[in-house]
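Inside the fold
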Amino acid sequence: MANNVQLVIISGMSGAGKTVAMQAFEDLGYFCIDNMPPSLMTKFWELVQESGKIKKVAVVIDLRSKGFYDEIRQMTSELSALNQEDQAQIVFLDADDEELVSRYKETRRSHPLARNGRIVDGIQDERSLLAPVKRAARLVINTTTMSPRSLREEIFRHFESGDAQSFHIEMMSFGFKYGLPIDADIVMDVRFLPNPYYIPELKKLTGLDQAVSDYVMSQPETTKFYDQFLGLLESIMPGYKREGKTNLTIAIGCTGGQHRSVALVERIGNALGDTYPVHITHRDIERRKETVNRS
């Protein structure tokens, strides 16, 4: 095979957690497709490999009607014929009948195979039809006693590779005069620090310039703040990751988003980057230039 593409087919009982599983694969960097007709799976797989641009694919295939059963069986046979054992695998999600009935009752949804009958009849019918798919699965997960978080952790345990960046940090500087960033998880105000704006030779520079960075970081207030804030962030990051958060946006603001916040975001972002993937942005660093150009 010229192009090594990982394909995960997510299937299983309706109500067993396929949506949660797909979201977990998305966070692991997989290209995800929901409810693809099985009859299109083999052709799609060939196109993905030919493109050479997608390396990890997860596809959710639901048994929406009895007619899908033959298509799923044909799909698994065709993938086996293509000798994709090492690259394509099926993850089958299951749960006890009682739990599935309870979930349907709780959500007030109708079962796809029992729209005009009892939920338990649809579940038993689906279980019978999907038995060959379950036998073909490389991984079967019973979600009866699992919370969404537990299922997510189970998916991560099996599929998170050493280079997967399932948790990353967004570091952002901003100016309070332009408003708070609406997507920030943690916001820190550093307007209490001495402002380089009032130093004539630093006024037109930004925190990306070494002179401004040196000025900001040389202040006693900054040294104390930096040590304490970085220590706090390092102590709470494992908790966010453990709770299943895939990204955390930390916003540091000063008056205009030019000097203090920029210098500190660079410094803290680089420090956190020793442990986590970090992406740094400076939301308002060009605002002053835009204002000058308009005047």
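A short tour of the structure in this document, coming up. (Residues numbered from 1 in each chain as written. Predicted model: local features only at pLDDT ≥ 70, side-chain atom pairs only at ≥ 80, totals over all residues. Heavy atoms only, no water.)

**Topic: the sheet that holds strand S2 (residues 31–34)**
Quick reminder of the rule: Each pair of strands is called paired provided DSSP finds at least two bridges between the two strands. Numbering goes from the N terminus for both helices and strands, where a helix is a DSSP run of H or I of at least four residues and a strand is a run of E of at least two. Think of each axis as a best-fit line through the C-alpha atoms, taken over the contacting stretch in the case of a helix, with angles from 0 to 180 degrees between the N-to-C directions. Here, residues are in contact when the closest pair of their heavy atoms is within 4.5 Å.
Here we have 5 strands laid out as an open sheet, ordered S2-S3-S1-S4-S5, and parallel in their pairing. Strand pairing shows two members of the sheet lacking a second neighbour, S2 and strand S5 (139–142), which therefore form its edges. Here the strands of the sheet are splayed against their neighbours by 20° on average, with no regard to which way each runs. As paired elements, strand S1 (residues 6–12) and strand S4 (residues 88–94) share 6 bridges and run parallel to each other. The partner of Val8 across the bridge, within S4, is Gln89. The strands touched by helix H2 (residues 41–51) within the sheet are S1, S2 and strand S3 (56–60), with S3 carrying the most contacts at an inclination of about 165°. The sheet contacts of helix H5 (residues 119–136) involve S1, S4 and S5, and relative to S4 the element is tilted by about 140°.

**Here we look at the sheet that holds strand S9 (residues 278–282)**
Here 4 strands make up an open sheet; going across it, the order is S7-S8-S6-S9 and the pairing parallel. Sheet topology places strand S7 (186–189) and S9 at the edges, where each strand pairs with a single neighbour. Across the sheet, the mean angle separating the axes of adjacent strands is 15° when strand polarity is ignored. Bridge count for strand S6 (residues 168–175) against strand S8 (residues 247–254) is 8 bridges, and the pairing is parallel. Each bridged residue has a counterpart across the sheet, and for Ile169 the counterpart in S8 is Leu248.

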